[in-house]
Protein chains: 2
Amino acid sequence: MQAMSDRRRAIGFIAVVAVVWSLSFSGKPQNNRVATTLDYDPCCGYPCGNQGVCMSFPDRSYECDCTNTGHYGANCSKAEFMTTVVKLIKPDPEYLHILLTSDLWVWKIINNIGFLQDAAMKYIFLSRGDQVDSPVRFESDHSYITLDAYYNETYYARTLPPIPEHCPTPMGVKGVKELPNLDLLMKKVFARKEFIPDPHDTNLLFQYYAQHFTHQFFRTNYTMCPQFTKGNGGVDVSNIYGLTEQHRRAIRMNSDGKLKYQVINDEHYPPYLRDVQGIEMDYPPHIPITEDNKFALGHPFFALLPGLFVFSTIWMREHNRVCDVLKNQHPDWDDERLYQTAKLIITGEVIKITIEDYVQHLSQYKVDLKFKPQVVHGTRFQFDNRINAEFNHLYHWHPLIPDGIQVEDKYYSLMDMAFSTKSVFTHGLDKFIESMATSRAGKLSHSNHPLVTLPVLKKMMENGRKLRYQGINEYRKRFALKPFKDFMDLTGDEALAKDLQELYGHVDAVEFYVGLLTEKDSPSLTPLTMVNVGGPWSVKGLIANPICSPHWWKPSTFGGDVGFDIVNSASLEKLFCNNMKSKCKNIAFKVPRGTP
Amino acid sequence: MQAMSDRRRAIGFIAVVAVVWSLSFSGKPQNNRVATTLDYDPCCGYPCGNQGVCMSFPDRSYECDCTNTGHYGANCSKAEFMTTVVKLIKPDPEYLHILLTSDLWVWKIINNIGFLQDAAMKYIFLSRGDQVDSPVRFESDHSYITLDAYYNETYYARTLPPIPEHCPTPMGVKGVKELPNLDLLMKKVFARKEFIPDPHDTNLLFQYYAQHFTHQFFRTNYTMCPQFTKGNGGVDVSNIYGLTEQHRRAIRMNSDGKLKYQVINDEHYPPYLRDVQGIEMDYPPHIPITEDNKFALGHPFFALLPGLFVFSTIWMREHNRVCDVLKNQHPDWDDERLYQTAKLIITGEVIKITIEDYVQHLSQYKVDLKFKPQVVHGTRFQFDNRINAEFNHLYHWHPLIPDGIQVEDKYYSLMDMAFSTKSVFTHGLDKFIESMATSRAGKLSHSNHPLVTLPVLKKMMENGRKLRYQGINEYRKRFALKPFKDFMDLTGDEALAKDLQELYGHVDAVEFYVGLLTEKDSPSLTPLTMVNVGGPWSVKGLIANPICSPHWWKPSTFGGDVGFDIVNSASLEKLFCNNMKSKCKNIAFKVPRGTP
């Protein structure tokens, strides 16, 4: 009887497998031509779901190529069997985001048990990585795949190709016939009426970290067009060391692996520009700046703002500190090997701090983010990255900038600080850092853009139109988020919804950046779309770094165990505490408790 | 009783697992400092096995970093448990090579059953891919990891770093104190005494295919140093279309997506250089060449040899033929889209023909090689590639070149054909192709280098010394082959072994290229090391192409099913038959049966 029932169970199981298999087989992608009665290119309406590729024909019919999308059907809208299973298991991204940012006991368990933590990080790294094309498919000059998107690395990558040129409306088929006037948009949507502080207590160390970190890979080549970059594909630490070999050589001390420095008030600072040959810094020609205020840094514009100068100084000191540690371990190493190895350690520190301090604060996740690249070794994760034009566009975070900053007894407005590092020397580096740590940054939302940088925003919106970015809802779909149904669904705010309705006519026509900033609040520092679209680009860029790959991620790459330990124990706090004269305090990405 | 014995078995099983687990745990990499009494840097002797990384200290001790090598112990010589298991299952590479090149019934089965064939290709693509650093770790200016190896793409990659500068002998610690005189080496080892034809009936279509194909990515930047390249990381079809955008623009017709052509004797040929603005071809200034003999091709030196000119002409015709097919499908597409999509199809054809015709013949494998990139989708395979300096070095295959070629009733010596395409027009393209197909190429071995190109070989050996390539045995070890024990083990030839013994003193000191060419024969076109070292670089370069990746490998990338079918059904024979005036015959990489 037992054997009989076992056999029946086995037959039942085989039957289920067979049905499932045949179902999944009937779901194999088939390209079906769809006829339409439209009087325009049907691909302008983005009919293909789930990243299916639309191809239209002169008779106004179209085909969706659903290959490798896990979907089938004329519009790639039907899920294959395995996709359905995965969808059943996988939580909805909006719900997951609420879970991740809620104080749940499950995070406490995961945060404290090694293998669960590894599993969580593996899931985060892989699921984020899967959402980024690698190799890249698109650039800004074609609305279809070209070899150039991959081989011409002077292009920024594109996650979604440009809106085709010949569509009925600027954003495709929906919305207004002419995009809103930019000055009106600035005024109605972006301009700060009154400073709105970030509700998560974010401080100016965070704001300047964001700017200092991202400008190593956001390097638009404006002598060409905004679709081109002068930079590399990720965390190349060129913001600290220089982008070109000539620049890198110029700021090296050529002994003990160190970067050039000078002593001012008994402290180490970057050298004056006049003392360094062969590099140029971006000082605006019409502003009078004395030679004592011009410095030679790794990045040509980092001496224009005191906060960026602070980070440049701290990283220069950290590099030189690491060189001393390495030389102590390897007294036989020459300048070149000390320099190159310290640079690898600094790269590791940058990634560690960015994940564990910066992204942790930005996301407000309650699960502890850990820099453990080994969890993706041997998986499908691709250790290569390119910067997407849309990532650069998204990362215009001027709302973080307050109207001014109080340092000791002196208040500096934004313009007081521009083009000068003087304030750092007036108060001393440590006092300036203390002010950055205790001053509130602005909320990353609409109606909070500082008035003095509105021209930057306007220029960037112009570029966005030139590059023909698709609307916010197409990006939502691309990153597995449900498109906004209407303006209230987007904003959660009646007045703003009404304004946007007037400006755009249809929520599908809302421009990418406008949608990112007008979305209702989320538990993170930014609205949800910004987290779930920017997150994949960010995580991919960090973990795809070569140092994270199996042949690199080992002690010898970093000069042995001592160097590897520096990477694996790096933190924002240590970075500052190891490189400040006074006792460091309040080093974090949020203002201390009790700050007004 | 039954239950009792089951329980015992279960306990036994658990005990075995526990022992295995504890063994594997005790095998976790540990870096142990090893003291030595040497009077030189102990890393010069490459003490770390299995790709362990050697790091030495001023007291002449050293450490091997075995992380991620699957091995442990002071010299990374002990296999971890899983490595042992894999080694037990995995056949020895030399034995596998004999199997793969033998007529066995098992290949007939695999060749005829789809899923077995897929499994075989997956194994080949993954196992070859695993042997190539991706991301790259080394370049030629440092004997240790640097960020520049990855970010500075003007470097050729390096599979093994250069021999350190301060070692007791030129090749490390073994062999002669001074490397053999190059002229002596040319004379004793390389120079052709009498033409040795390839025993596998290889013809000149093969020889010229090799040269035409590889020069899209072997583009040493000689205005700098031999460690730098002007090229990209793989099959970018720049040999057909041009490396720079200016070059590409210059040879485009700007209508229907086509490349420029002219009609000579009722056939399509590339345009004269004088009819094309903005490009330069590499015509040597001291050779008088009439304007009617100067052509504008995708690659600046491809008009210097008639065989390369033939392939350039055929690919130009194929591109234009594909444009016609695409235009027929998509009459609404503009010139740009037809051009870009045809280029993607040509890329697919190149890879297909290279794997299924060229590598198939080169390897003499009896298992059918198939271009099926989908088998590695979702695996650890990395879709990114860089060209290794050693790959370029290895690919100096001049022994293939015969002393001359008979075309109809005329015999051309090598020098008769250099710098001129005249012979192609004298006989007509089809007659010239017939001669290439029916003329024997030389055997890829020592003592078969044509005398007129010996200066090229000498220069390349000089560069190899400048770049400090490690010896043949270090490359054998790097690619999981046992090092040669002595000169007889290398050559299988007493006279040659004696010569090499005198020249190098120790088999570990034999230079890379010398070892590649003096190795005993194998069933492939080249000796075994060449296959098993060059193979991974080649396979990785072909399958890591962006078109092979999951988001690219679909019909829409190639303009729909018709374009995708062109890729998936491409062959050497079709390439020629579709683009020759006369009925094509004997198109293959070997001379027809019965050729003397």
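Residues numbered from 1 in each chain as written. Chains lettered and ligands numbered in written order. Predicted model: local features only at pLDDT ≥ 70, side-chain atom pairs only at ≥ 80, totals over all residues. Heavy atoms only, no water.

Right, let's get into the overall build of chain A. A count of helical and extended segments in chain A gives 24 helices and nine strands. A globule of 596 residues ought to have a C-alpha radius of gyration of about 25 Å, and chain A, at 26 Å, matches this closely. Within chain A, the proportion of its 596 residues that are buried is 59%. Put simply, 70% of the contacts in chain A that link residues at least 6 apart link residues at least 24 apart. Here chain A displays about 24,500 Å² of accessible surface, and carbon together with sulfur accounts for 55% of that area. (Helix = DSSP H or I, 4+ residues; strand = E, 2+ residues; numbered from the N terminus. Rg over C-alpha atoms; globule rule 2.2 N^0.38 Å. Buried < 20%, exposed > 50% of the residue type's maximum accessible area, 1.4 Å probe, protein only. Contact = heavy atoms within 4.5 Å. Areas by Shrake-Rupley, 256 points an atom, 1.4 Å probe, with all protein chains shown as cover.)

Residue and element names in this part refer to chain B. Under the criterion given, the structure shown has 10 disulfides over all chains. One disulfide in the model links Cys48 with Cys64; its S-S distance is 2.1 Å. Taking the sign of the torsion about the S-S bond as the criterion, the disulfide between Cys48 and Cys64, at about -80°, is left-handed. Placement of Cys48 in the loop between helix H1 (2-26) and strand E1 (53-56) and of Cys64 in strand E2 (residues 62-65) is noted, with a sequence separation of 16 residues between them. Each member of the pair, Cys48 together with Cys64, is buried. Disulfide pairing is shown between Cys66 and Cys76; the S-S distance is 2.1 Å. Negative torsions about the S-S bond denote left-handed disulfides, and the value of about -90° found for Cys66 with Cys76 makes this one left-handed. Taken together, the positions of Cys66 in the loop between E2 and strand E3 (71-72) and Cys76 in the loop between E3 and strand E4 (78-79) put the pair 10 residues apart, joining distant regions of the chain. (Disulfide = S-S within 2.5 Å.)

Turning next to the interface of chain B and chain A. For interface size, the figure often reported is the accessible area lost on association. Counting from both sides, the interface comprises 68 residues of chain B and, opposite them, 68 residues of chain A. Buried area between chain B and chain A, both sides added, is near 5,500 Å², and the carbon and sulfur share of it is 55%. Linking chain B with chain A are two salt bridges, by the criterion used here. A salt bridge links Arg248 of chain A to Asp148 of chain B; the nearest nitrogen and oxygen atoms lie 3.7 Å apart. There are 22 residue pairs in polar contact (both at pLDDT 80 or more) connecting chain B and chain A. Contributions of two or more residues to the side of chain B that touches chain A are made by E1, helix H6 (147-151), helix H10 (245-250) and helix H12 (335-363) of chain B. Among the elements that make up the side of chain B that touches chain A, the one with the highest residue count is H12 of chain B (six residues). (Buried area = accessible area lost by both parts, 1.4 Å probe. Salt bridge = Lys/Arg side-chain N within 4 Å of Asp/Glu carboxyl O. Polar contact = N/O pair within 3.5 Å; in protein donor to acceptor, adjacent residues only side chain to side chain.)

All told, the structure shown has 71 salt bridges over all chains when counted by the stated rule. Here Arg33 of chain A and Glu63 of chain A are joined by a salt bridge, their closest N and O atoms 3.3 Å apart. Linking Arg33 of chain A in strand E1 (residues 33-34) with Glu63 of chain A in strand E3 (residues 62-65), this pair joins segments that are 30 residues apart in sequence. Judged by relative accessible area, which is 44%, Arg33 of chain A ranks as partly exposed. We note a salt bridge from Glu291 of chain B to Lys294 of chain B, for which the minimum N-O separation is 3.6 Å. Since its relative accessible area comes to 39%, Glu291 of chain B is described here as partly exposed. Among the residues examined, Lys294 of chain B registers a relative accessible area of 18% and is labelled buried. One connected set of salt bridges, linked through shared partners, spans Asp148 of chain A together with Glu245, Arg248, Arg249, Arg252, Asp335 and Glu336 of chain B.

We now examine the relation of the copies chain B and chain A. Overlaying chain B with chain A gives an RMSD of 0.0 Å, the required rotation being 180° about an axis along which the chain moves by 0.0 Å. The transformation relating the two chain copies, once decomposed into turn and shift, fits a two-fold axis. Closest approach to the rotation axis among the C-alpha atoms of chain B is made by Arg380 of chain B, whose C-alpha sits 2.2 Å away. Take the interface residues of chain B: 100% of them recur as interface residues in chain A, which is what a same-surface contact looks like. (Least-squares fit on C-alpha atoms with pLDDT ≥ 70 in both.)

Right, let's talk about the UniProt feature "binding site: heme b" (unreviewed entry) in chain A for a bit. Residue and element names in this part refer to chain A. UniProt tags His398 as "binding site: heme b" (unreviewed entry). The residue His398 is located in the loop between helix H13 (389-394) and strand E8 (404-407) in this model. Among the residues examined, His398 registers a relative accessible area of 16% and is labelled buried. When sequence neighbours within four positions are dropped, the list of residues in contact with His398 reads Arg192, His449, Pro450, Thr453 and Val456. (UniProt positions renumbered as here; feature names shortened; annotations may be inferred.)

Turning our attention to the side chain of Thr214 of chain B. All names here are of chain B. In this fold, Thr214 is placed in helix H8 (residues 204-214). By relative accessible area, Thr214 is classed as buried at 3%. A polar atom in the side chain of Thr214 sits 2.8 Å from the backbone oxygen of Ala210.

Okay, the environment of Ser363 of chain B next. All names here are of chain B. Mapped onto the elements of the fold, Ser363 is located in helix H12. When its relative accessible area of 5% is taken as the criterion, Ser363 is described as buried. Here the alpha-carbon distance between Ser363 and Leu528, two residues 165 residues apart in the chain, equals 9.5 Å. What Ser363 contacts, discounting residues up to four positions off in sequence, is Thr101, Leu369 and Ser524. Engagement of the side chain of Ser363 in a polar contact is seen with the backbone oxygen of Gln360, the distance being 3.3 Å.

Residue and element names in this part refer to chain A. Averaged over all residues, the pLDDT of chain A is 93; the fraction at 70 or higher stands at 95%. Across residues 18-29, where pLDDT falls below 50, the model places 10 contacts with residues more than four positions away in sequence or in other chains. Complex prediction metrics read pTM 0.94 and ipTM 0.93. (pLDDT = per-residue confidence, 0-100.)

As a further point, take the sheet that holds E3 of chain A. Residues and elements named next belong to chain A. Taken together, three strands build an open sheet; the order of strands is E1-E3-E2 and the sheet is antiparallel. A strand with exactly one partner marks an edge of an open sheet, and here the two such strands are E1 and strand E2 (53-56). Judged from the two bridges that link them, E1 and E3 form a sheet pairing that is antiparallel. In the strand pairing of E3, Arg33 is matched with Glu63. (Pairing = 2+ DSSP bridges.)

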